[in-house]
Structure formats: C-alpha cells, structure tokens
Amino acid sequence: MTRTAAPKRHLPTSPFKARATPAPKNFAVGDQVTHDMYGLGRVIGVEGGIAVLVDFGSAQERILSPYAKMTKL
C-alpha cells in the first residue's frame with residue numbers, strides 16, 4: 001500500500017505567502033503545442049481535462065493532465 005502526502009495547508013496567521021496554484025491549461029483540437037520530450041505537435045483530440053491526444057508527426061501521444069511539460073504556441 002502506498003500513501004501520498006496531503007498538501008500542506010496555509011495557516012491564516014502565517015507570515016509567509018500562500019502558494020499560488022497555477023491555472024489549469026486548456027487545449028482545443030487544432031492547437032499547436034510544444035512538449036519538452038516529444039517536440040512540436042498539434043492537438044488532435046481532447047478528453048475533457050483528463051488528457052489530450054497530440055500528433056507529433058512521427059508518433060501520436062496521449063498526454064495526461066496537468067500537462068506540466070507541454071505549452072501552447
């Protein structure tokens with residue numbers, strides 16, 4: 001059995017700023033994207049915030065959310 005750590009909560013009395021959560025990335029069919037590992041590609045399918053299917057020319061890859069290594073061009 002594996003356990004994952006719960007995210008640390010911010011106490012209102014803390015002198016430190018709360019961590020900002022990044023806005024979720026949204027992709028649409030036809031968007032041109034770049035991926036740190038696969039390179040330049042075009043979105044060919046969207047699975048409602050769960051994953052996107054991207055055609056990188058030599059291969060098609062299913063990239064899972066939160067799309068940390070992928071950016072829209």
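See the structure shown above.
Here is what the cut-offs are and how they apply
Residues numbered from 1 in each chain as written. Predicted model: local features only at pLDDT ≥ 70, side-chain atom pairs only at ≥ 80, totals over all residues. Heavy atoms only, no water. Helix = DSSP H or I, 4+ residues; strand = E, 2+ residues; numbered from the N terminus. Rg over C-alpha atoms; globule rule 2.2 N^0.38 Å. Contact = heavy atoms within 4.5 Å. Areas by Shrake-Rupley, 256 points an atom, 1.4 Å probe, with all protein chains shown as cover. Lys, Arg positive; Asp, Glu negative; His and termini not counted. Charge placed at Lys NZ, Arg CZ, Asp CG, Glu CD. Salt bridge = Lys/Arg side-chain N within 4 Å of Asp/Glu carboxyl O. Buried < 20%, exposed > 50% of the residue type's maximum accessible area, 1.4 Å probe, protein only. Pairing = 2+ DSSP bridges. Axes fitted to C-alpha atoms, helices over the stretch in contact; angles between N-to-C directions.

Caption draft 1: Local environment of the overall build of the protein chain. Across its full length, the protein chain carries zero helices and five strands. A compact globule built from 73 residues should have a C-alpha radius of gyration of about 11 Å, whereas the protein chain, at 17 Å, is more than 25% larger. C-alpha atoms of the protein chain, sized along the principal axes, occupy 50 × 35 × 25 Å. Taking the contacts inside the protein chain whose residues are at least 6 apart along the sequence as the reference set, 28% of them involve residues at least 24 apart. Approximately 6200 Å² of the protein chain is accessible, and the part contributed by carbon and sulfur atoms is 57%. Looking at the protein chain, you have 10 positive and 5 negative side-chain charges, and the mean spots of the two groups are 18 Å apart.

Caption draft 2: Summary view of the pattern of salt bridges. According to the stated counting rule, one finds two salt bridges in the structure shown. Across the pair Asp31 and Lys72 runs a salt bridge, and its minimum N-O distance is 3.5 Å. Of this pair, Asp31 sits in the segment before β1 (32-35) while Lys72 sits in strand β5 (residues 70-72), placing them 41 residues apart in sequence. Lys72 gets classed as partly exposed once you look at its relative accessible area, which sits at 45%.

Caption draft 3: View of the sheet that holds β1. Judged by pairing direction, the sheet is antiparallel, and its five strands sit side by side in the order β4-β3-β2-β1-β5 without closing on themselves. Looking along the sheet, the strands with just one partner apiece sit at the ends: β4 (60-64) and β5. Averaged over neighbouring strand pairs, the angle between their axes works out to 40 degrees when direction is ignored. As defined by bridge partners, strand β2 (residues 39-46) adjoins strand β3 (residues 51-55) across four bridges and the pair is classed as antiparallel. When the bridges of β3 are listed, Val43 appears paired with Val54.

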